[in-house]
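# Results of the structural survey
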Amino acid sequence: MANPLTPPQSRRPPKVSVIGAGMVGSALAYSLIVERVAGEVVLVDVNRNRAEGEAIDINHAVPFSSPTRVMAGDYADCRHSDVVVITAGVAQKPGETRLDLLARNVNIYRDIIPRLTDVAANAILLIVSNPVDILTYAAVKLSGLPWQRVIGSGTVLDTARFRYELGAHCQVDPRNVHAYILGEHGDSEVPIWSLANIAGIPFPRFCETCHRGCPPGEFDRMFQRVKNAAYEIIKLKGATYFAIALGATRMVEAILRNQNTVMTASVLMQGQHGLSDVCLSLPVAIGSGGATRVLEMSISGEERMALLNSAQVLRGTLTKVGF
Ligand code: NAD
């Protein structure tokens, strides 16, 4: 039975710290208050003015949402965080691949992670900076935390883009499209066509009853748009942040409310599909312990080969940076 004299600390509002108050970090802080997920949000950035400005601006939205304390702070202010989301880093430039960002961002993580483990040892770490799979691996190793407590946003965004494309094309609410992108958040990512379905109806069967007569290659073009979406958006407006902010908000919510929501998060492989010593995305149940379960889907032989290739690409990159 719960102790009626529960100490105040266990009743404190859910606290989320966001490291990096740039486009993604500030959009995330904003969506955390709009979605009423956190009670307290701390923004930390090397550019303190940026964090201060974002905190003031977002606080002025609180009267339109629900009481939430948003503040700019430093690492000491991250103490007692339930979740720490790391978005710090250098954003992708036009024409630059995610892997090009690698060296710059690994160094930032070498600086940030020890500071966080000092003050927020009980938090779940959610990694968003790119290349997210490499930095999730770096965060696991640099923090010494159990792998379940360090999760990357991985292909959460790619899976959402995939569902959006399929839903828009097939004129079905994307929430009723069950389709996954696994592997690397990047060029080697793998669409799992063999299990993709709308309300339980596999795509080949759905298409038979649709009679729209789509030209050959239509589905592959949809996947290409998913894979190249970041490049396209960055070319048009310089950065992508709204969709990842809401995706990360859903991940934070799943943790804070122990929802065991299945999302394609990047975690350290534990032998699933024969993979280990690399972080990549599989469907993961996300709850208060972080990655509470990693689901091993019955994917096709071809998809498994593509997943192994994705792991190989990532392992090669990890080796290049000394992991
Ligand atoms: P941004 O340049 O707008 O913001 C990055 C912020 O990090 C800046 O405010 C910068 O001052 C801060 N920063 C840099 N070094 C820091 C340090 N050592 N400590 C604290 N803060 C530091 O970039 P953005 O558009 O917000 O993107 C942030 C990251 O998120 C990038 O790596 C980007 O590629 C990634 N991203 C990931 C996804 C995904 O799906 N995982 C989607 C979009 C963007």
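Values in this document were obtained by computation on a predicted structure and should not be read as measured data.

Rules and cut-offs
Residues numbered from 1 in each chain as written. Predicted model: local features only at pLDDT ≥ 70, side-chain atom pairs only at ≥ 80, totals over all residues. Heavy atoms only, no water. Helix = DSSP H or I, 4+ residues; strand = E, 2+ residues; numbered from the N terminus. Expected span 1.5 Å × (residues − 1). Contact = heavy atoms within 4.5 Å. Domains from an automatic or database assignment. Buried area = accessible area lost by both parts, 1.4 Å probe. Salt bridge = Lys/Arg side-chain N within 4 Å of Asp/Glu carboxyl O. Polar contact = N/O pair within 3.5 Å; in protein donor to acceptor, adjacent residues only side chain to side chain. Nonpolar A, V, L, I, M, F, W, Y, C, P; charged D, E, K, R; others polar. Buried < 20%, exposed > 50% of the residue type's maximum accessible area, 1.4 Å probe, protein only. Pairing = 2+ DSSP bridges.

### Side note on helix α4 (residues 132–143)
Relative to the 16 Å expected for 12 residues at 1.5 Å per residue, α4 spans 16 Å between its end C-alpha atoms, a close match to the ideal helical length. Residues of α4 that are buried in the fold lie against α3 (102–119), β5 (124–127), β6 (150–152), β12 (261–270), β13 (276–287) and α10 (301–320). With its phi angle positive at about 70 degrees, G144 sits one or two positions after the end of α4.

### A few points about the domain arrangement of the protein chain
The domains assigned to the protein chain are domain 1 (15–152) and domain 2 (156–319). Spacing between the C-alpha centres of domain 1 and domain 2 amounts to 23 Å. Counting each side, the surface lost to burial between domain 1 and domain 2 is near 3,400 Å², with a carbon and sulfur contribution of 72%. At the surface where domain 1 touches domain 2, the tally comes to 0 salt bridges. The interface formed by domain 1 and domain 2 contains 9 residue pairs in polar contact (both at pLDDT 80 or more). Grouping the amino acids of the side of domain 1 that touches domain 2 by side-chain chemistry returns 22 nonpolar, 7 polar and 9 charged.

### Observations regarding the pairing of β12
Within β12, 8 of the 10 residues are buried, leaving the element largely enclosed by the surrounding structure. Alignment of β12 against β13, held across 9 bridges, turns out to be antiparallel. For T261, the partnering residue across the bridge sits in β13 and is I286. Taking the residues that link successive antiparallel strands as the turn, the β12-β13 hairpin has 5 residues, and the phi of G271 there is positive, at about 100 degrees.

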